[in-house]
Amino acid sequence: MGTAVNQSFKEKTNKVLGITPEDARLTKSYLFVAFAALLLGGVLGLLQGLNRAGLLELPSWLNYYQVLTAHGLLLVLVLTAFFTVGYFYAVLSHNLGGLLPKVRKMAWIGFGMKLVGFVLAVISVILNEASVMYTFYPPMAASPIFYYGLVFIVLGVWMCAFGAFIQVANWRKNNKGKHVPILSFFATGVFVLLFFGSIPVTIEVLVIIPWAHGWVETINVMVSRTLFWAFGHTLVNIWYLTAVSAWYVVVPKLIGGRRFSDTLTRVVIILLVILNIPGGFHHQIIDPGIAESVKFLHVFMSLAIGFPSLMTAYAMFSVFEKTARKRGGKGLFSWFKKLPWGDVRFLAPMIAMIAFIPGGAGGIVQSTNQLNQVVHNTMWVVGHFHLTVGTTVVLTFFGISYWLVPYLSKRVLTPAINKLGVATTLIWTAGMIFMSGAMHWVGVLGSPRRTSYTTYGDNATALSWDPYLMFLAVGGTLLMIGVLMQVYAVVHLMFFAPKGDTEFPIAEVEDHAAKTPYWTERWGVIIVIMLIVIAMGYVIPLVEMIMNAPPGSPPYKTW
Amino acid sequence: MKNQFIYGFLLLIFLALPPVANLLESIMIVHMHMQMPLLVIAGFLMAGLIQQRLPQFFKRWNHNGVPGILLFSIIMVYWMIPRLMDEALTVQSVELFKYISLPFLAGVPLRDSWQKIRPSFKNVIISCFSILFFAMGWLYITWPEQLCNNYLLIEQITLGWGFLTMAVCMVIYLIYNTLVDPSDYEEPSELSLEEA
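Here the structure is a predicted model, which is why all the values come from computation and not from measurement.

When you go through chain B residue by residue, the secondary structure sums to 10 helices and zero strands. Order of helices (α) and strands (β) in chain B, N terminus to C terminus: α-α-α-α-α-α-α-α-α-α. The C-alpha radius of gyration computed for chain B amounts to 18 Å, which stays within 12% of the reference 16 Å derived for 196 residues, consistent with globular compactness. Each of the three principal axes of chain B carries a C-alpha extent, and together these read 55 × 40 × 25 Å. Residues counted as buried form 35% of the 196 residues belonging to chain B. Of the contacts formed within chain B by residues at least 6 apart in sequence, a portion of 79% connects residues at least 24 apart.

This part covers the UniProt feature "domain: Cytochrome oxidase subunit I profile" (unreviewed entry) in chain A. Residues annotated in UniProt with the feature "domain: Cytochrome oxidase subunit I profile" (unreviewed entry) correspond here to residues 30–497 of chain A. Each end of residues 30–497 of chain A is marked by a C-alpha atom, and these two atoms are 19 Å apart; helix forms 76% of the span and strand 0%.

On to the nonpolar core. Residues A34, V78 and F82 of chain A are the most contacted members of the largest nonpolar core, which totals 228 residues. Top element by residues in this core is helix α7 (residues 221–254) of chain A. It accounts for 22 residues. Built from parts of two domains, this core gets at least three residues from each of domain 1 (1–117) and domain 2 (118–196) of chain B. Sequence-distant contacts of A34 of chain A, that is, excluding residues within four places in its chain, are made with V78, L79, F82, F83 and G86 of chain A.

Now for the packing of helix α13 (residues 415–444) of chain A against helix α15 (residues 466–496) of chain A. Residue and element names in this part refer to chain A. For the pair α13 and α15, the least separation of the axes is 7 Å and the interaxial angle reads 155°. As the angle between them shows, α13 and α15 are arranged roughly antiparallel. Seen from above, α13 lies across α15 with left-handed handedness. In terms of residue class, the contact of α13 with α15 is made up of 24 nonpolar, eight polar and no charged.

Counting residues at the interface gives 21 residues for chain B, matched by 17 residues for chain A. Mapped onto the side of chain B that touches chain A, the elements with two or more residues apiece are α9 (153–179) and α10 (188–195) of chain B. No other element matches the 11 residues that α9 of chain B contributes to the side of chain B that touches chain A. The residue inventory of the side of chain B that touches chain A, partitioned by class, reads 12 nonpolar, four polar and five charged.

All names here are of chain B. In terms of domains, chain B is made up of domain 1 (1–117) and domain 2 (118–196). For the side of domain 1 that touches domain 2, the secondary structure elements donating two or more residues are α3 (28–53) and α6 (82–90). Looking at the side of domain 1 that touches domain 2 residue by residue, the class counts come to 10 nonpolar, one polar and one charged.

What follows deals with the packing of helix α3 (residues 64–95) of chain A against α7 of chain A. Residue and element names in this part refer to chain A. Between α3 and α7, the shortest axis-to-axis distance is 11 Å and the interhelical angle comes to 40°. With respect to their mutual orientation, α3 and α7 come out oblique. In terms of crossing hand, the pair formed by α3 and α7 is left-handed. The segment α3 lies against α7, with T80, T84 and Y87 engaging I238, W239 and T242. Classifying every residue of the contact of α3 with α7 by side-chain character gives three nonpolar, three polar and no charged.

Before going further, it helps to spend a moment on the UniProt feature "transmembrane region" (unreviewed entry) in chain B. All names here are of chain B. Under the UniProt annotation, the feature "transmembrane region" (unreviewed entry) is placed at residues 33–50, 62–81, 96–112, 124–141 and 153–176. As annotated, residues 33–50 has a helix share of 100% and a strand share of 0%, and its two end C-alpha atoms lie 26 Å apart. Measuring from the first to the last C-alpha atom of residues 124–141 gives 26 Å, for a span that is 100% helix and 0% strand.

Turning our attention to helix α4 (residues 101–126) of chain A. Across its 26 residues, α4 of chain A extends 37 Å between first and last C-alpha, which sits within 8% of the 38 Å expected from 1.5 Å per residue. N128 of chain A sits one or two positions beyond α4 of chain A and adopts a positive phi of about 60°.

All names here are of chain B. Between its first and last C-alpha, helix α1 (residues 2–16) extends 21 Å over 15 residues, near the 21 Å set by a 1.5 Å rise per residue. Listed as buried for α1 are G8, L12 and L15. Seen end-on, α1 carries its buried residues on one side only, within an arc spanning 70°. Summarising the geometry of α1, the exposed residues directed more than 90 degrees from the buried face are K2, N3, L10, I13 and F14.

Cut-offs applied
- Residues numbered from 1 in each chain as written.
- Chains lettered and ligands numbered in written order.
- Predicted model: local features only at pLDDT ≥ 70, side-chain atom pairs only at ≥ 80, totals over all residues.
- Helix = DSSP H or I, 4+ residues; strand = E, 2+ residues; numbered from the N terminus.
- Rg over C-alpha atoms; globule rule 2.2 N^0.38 Å.
- Buried ≥ 20, exposed ≤ 12 C-beta atoms within 10 Å, placed from the backbone.
- Contact = placed C-beta atoms within 7 Å.
- UniProt positions renumbered as here; feature names shortened; annotations may be inferred.
- Core = buried A, V, L, I, M, F, W, Y, C linked by C-beta atoms within 7 Å.
- Domains from an automatic or database assignment.
- Axes fitted to C-alpha atoms, helices over the stretch in contact; angles between N-to-C directions.
- Parallel < 35°, antiparallel > 145°, perpendicular 65-115°, else oblique.
- Left-handed = near helix turned anticlockwise from the far one by under 90°.
- Nonpolar A, V, L, I, M, F, W, Y, C, P; charged D, E, K, R; others polar.
- Expected span 1.5 Å × (residues − 1).
- Arc of directions from axis to C-beta.

Printed below as a string of structure tokens:
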């Protein structure tokens, strides 16, 4: 009982005084690394875009595939992982009465391990020993150092995941029978996915290491790819779930509304956790060696993930309409005008959500066998994930940064920086419309992804792609301007903005909301169901791939 | 309850549609580990209304839950015999028996009994099934010949691994149940509400 009183006292002081300096330093460090990665990854992205459009010849010591691998690693792994962990640790600190000293230490150890891992990986990329793309699956083999780096990254992530579990379990012990606050519930879901999703890729990497050293001669490529995508697709949904947490909880507060049903929100999280990992199979939908019937059954598993997303879309627009009508919005659509479009904290995630409409539709196209055959391994796919990750997720992260960073540094968002943020969002949107739009289109025309600029001996079809690739370069340039503006805003808010208090925006539920059922807190049961679903998805194809395995592949260095 | 009955009944009808049944029965592991559990779930959903309509029947025959669990276990074990899978595919009456026995003789008694038996007895049941699943997994993986005429050896091995992974999931659940004391996290009222 004594601890419970202490805890709630600590929670209250935390709410009044804001985050403690120690917890703030932790999250600020994570965010700093994230946005540094954005800057570096952005520069590499621009180089790539210009090269791909035939406008820029890269020097001999820095080839297209090196740039591509580093761009992917920095943005897909570093930016997103560091932002997600930093953001959710701020959430845990704010929601649950400050981080426990033990948990904070674990997060710092995780930070260190991930940085060491990334440095190892990046060194081998710079030495041109690891141009294996961010998907790094065999038969392309990097130097073993690259894979050791990946092991450190995974261990760092696990450290952070277990820190979060300890923090949540401790809070629940001190607050018996209470629901974990909604953002911490999101954090729990994300860390559960991070932990279980990274187990397959760990197995993959541990099998690759002896092969990369040359201790074993061959490797089962199909199994490696399968294990990679069990992780890869989960990672995609981890970013997505992070973005969704801000949509459900933060955005309603910013527009002066209430949260949509608490039960529905928690059910969406639980469904995303349970259904996620087998979804990775749609990345292999035209891989050989997987029976048609298995692929057919997997279409259900993939499309099942779309269901909670549709629930989210409904919930969000319902909140918008309700809030706008309360503010005097009228008509079928004109209530849209009542939303605070001039506030970057709303505008950025709003555009992010809108971008997810075509983004999600494109995803459904890709998980359909026949349609996938048209766009597989073309620029379409690159366009798709620049829309989903590059716009939906990243713009939401940008939007979060305009209140999270000042909250951490005990500063305020000035109108000037808000204006800069609105401009950044608009430039980003325009850049993505050009770049992602061009990528989708040129992909349908057959232009392959992951290929340095070439005209294939002035082949007429290849030449017909050039105008679209020019749009790609224009879009990429706009995006680079957006990156510079965003990084400037983050640095300014972190170190130079005027001192003041910024609130951590968390919307309340409606006054007469129904009580959330308690089973939503039983993570043990949810995890067992998730494991059963994973087994349902993976036992059939994995047994087939292992029992009927081909001789395997030796390591290839194609660059 | 009425809605649940309708959902359960529709699920049963859906599973009985020839194209659905053909697809699910074409893969051994899907036949045993997806179609059969779905049939049990269909019965489980329908059980609520049946309990309401026939309270006396369940009171008289299943007052402490043990006969129901016994019936459920017999039916489940019966359908794990490889030969029965073959017969379900070739003999119409056996197929019909599958569609009746799994929902009504396994799903319905499971729901009625699960509310009546003590938590420790639930753990015993889950432990027994995990041991059985490990044994079946070992049998299907290591047996060098086809146990079912209708399915290839590779499908048999797949089913074996399916058994093993399910057994592992059940063991994880049991470990979680042993290590985590819900009263550390939940108010007694929540617990008793759930039990009720």
